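Each chain, letter by letter, is given below.
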Amino acid sequence: KNGEDFPPSVLCLPYSMETNDFSLVLTRHLSPKDYASALESHIEQLAKESRESEEPIVVCLGLHTFVSGTPAAVNELGKMLTR
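Let me begin by describing the structure that accompanies this report. No experiment lies behind these values; they were computed from the predicted model shown.

A cluster of nonpolar side chains, namely Ile57, Val59, Leu61 and Leu63, defines an oily patch on the protein surface of about 280 Å² accessible area. Assignment of secondary structure puts valine 59 in the loop between helix H2 (32–53) and helix H3 (65–68).

What follows is the structure, encoded as structure tokens:
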């Protein structure tokens, strides 16, 4: 239905701790390269599931500037996101 019939809605999606830089880098002590690799595997798997089901899937990445904003992390994430 259109917006005239219902008030605007907000969709709240919690992000996974599996992709949260705080939990993987600061708690599990993953290197920037290992963190980027973990994200890449996560995204590849969800993309595969999306193709197979022909349904869109939302990927939530928890990134914090003080963790993933470091030069080494930005470098590794940049390489991963351009593959």
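On to the pattern of salt bridges, then. This structure, assessed with the given rule, holds three salt bridges. Salt-bridge contacts for glutamate 40 lead to arginine 83; the nearest nitrogen and oxygen are separated by 2.9 Å. Of the two residues, glutamate 40 is situated in helix H2 and arginine 83 in the segment after helix H4 (71–81); the sequence distance between them amounts to 43 residues. Judged by relative accessible area, which is 62%, arginine 83 ranks as exposed. We note a salt bridge from lysine 48 to glutamate 52, for which the minimum N-O separation is 3.8 Å.

Rules used in this analysis
Residues numbered from 1 in each chain as written. Predicted model: local features only at pLDDT ≥ 70, side-chain atom pairs only at ≥ 80, totals over all residues. Heavy atoms only, no water. Patch = residues over 30% accessible without salt bridge, like charges linked within 9 Å, V, L, I, M, F, W, Y side chains within 5 Å. Areas by Shrake-Rupley, 256 points an atom, 1.4 Å probe, with all protein chains shown as cover. Salt bridge = Lys/Arg side-chain N within 4 Å of Asp/Glu carboxyl O. Helix = DSSP H or I, 4+ residues; strand = E, 2+ residues; numbered from the N terminus. Buried < 20%, exposed > 50% of the residue type's maximum accessible area, 1.4 Å probe, protein only.

In short, the description is geometric, and any link to function would need to be established separately.
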